[in-house]
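Structural description and commentary
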Amino acid sequence: MEFRQTLPGVALHRQQTARATSDEALVGLIANGDRDAMRVLFARHNVRVFRFTMRFMNNEASAEDAVNEVFLEVWRSAGTFEARSKAATWILSIARHKALSSLRRRSFDELDEGMAERIEDPSDDPEAMMQNSDRSEALRACLAQLSPAHREVIDLIYYHEQSIDEVARIVGVPANTVKTRAFHARQRIAAMMAARGLERAAL
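Residues numbered from 1 in each chain as written. Predicted model: local features only at pLDDT ≥ 70, side-chain atom pairs only at ≥ 80, totals over all residues. Heavy atoms only, no water.

1. Regarding the packing of aromatic side chains
Per the counting criterion, the structure on display carries 3 aromatic pairs. With a centroid separation of 4.9 Å and 70° between ring planes, the pair formed by Phe42 and Phe71 is classed as edge-to-face. Taken as a pair, Phe42 in helix α3 (residues 35-57) and Phe71 in helix α4 (residues 60-77) lie far apart in primary sequence, 29 residues in all. Assessed through its relative accessible area of 6%, Phe71 is described here as buried. Note on Phe81 and Trp90: the rings are 5.0 Å apart at their centroids and 40° apart in plane angle, and the pair reads as tilted. The ring of Trp75 has Arg35 lying over it, and the distance from NZ or CZ to the ring centre is 5.4 Å. Over the face of the ring belonging to Tyr159 we find Arg55, whose NZ or CZ atom lies 4.4 Å from the ring centre. (Phe/Tyr/Trp six-rings, centres within 6.5 Å; stacked < 30°, edge-to-face > 60°. Helix = DSSP H or I, 4+ residues; strand = E, 2+ residues; numbered from the N terminus. Buried < 20%, exposed > 50% of the residue type's maximum accessible area, 1.4 Å probe, protein only. Lys NZ or Arg CZ within 6 Å of the ring centre and 35° of its normal.)

Quick look at the structure:
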């Protein structure tokens, strides 16, 4: 694909128009080959997609690769977007698919080793645990110990501000399942935070 050359003033006007456009309208423009709209959508969502895929991969290079794949897929598939959900929800569902596909390509040994490195030893003495008393650090450590299914639900609801129904669309499970996973995840986090001598996590 190649950009069609336009006068600088015309290009600037298009970019300004795109910046004032909703995500859903941008996707419609992208479906018609509008690269300015693609740039604006990327600028709005690339950091969010990067943070989301990092929850799965725990590797910056892999997450960056996934971001590129996600927005390439957005470019290719914009014409299939039916606006039955928010564009942000659609983009995160693509990101989830790309992240899971990338993980499946890894060997099981690599996954097991990486997960073991992220899980804190519960036998750490109280003094060592209290050295990590910063709430945000403690919360991130607790999130890492949740199951992948529970972790992604918490991530989508609290870090990406997706509704229960939107999370259900992204993950591909009923809304009641999302509610159940969120409930158990919050209970688990509260217990882990209490074990660290911290108050209940503010989720």
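Once the structure has been displayed, the description carries forward.
2. Details of the nonpolar core
If you look at the biggest cluster of nonpolar residues, it comprises 37 residues, and the most contacted ones within it are Val70 and Val74. When residues no more than four places from it in sequence are discounted, the contact partners of Val70 are Val49, Ile91, Ile94, Ala95 and Lys98. Residues Cys142, Leu143, Ala185 and Met193 belong to the second largest nonpolar core, which totals 10 residues. (Core = buried A, V, L, I, M, F, W, Y, C linked by side-chain atoms within 4.5 Å. Contact = heavy atoms within 4.5 Å.)

Nothing here speaks to function; it is all geometry.
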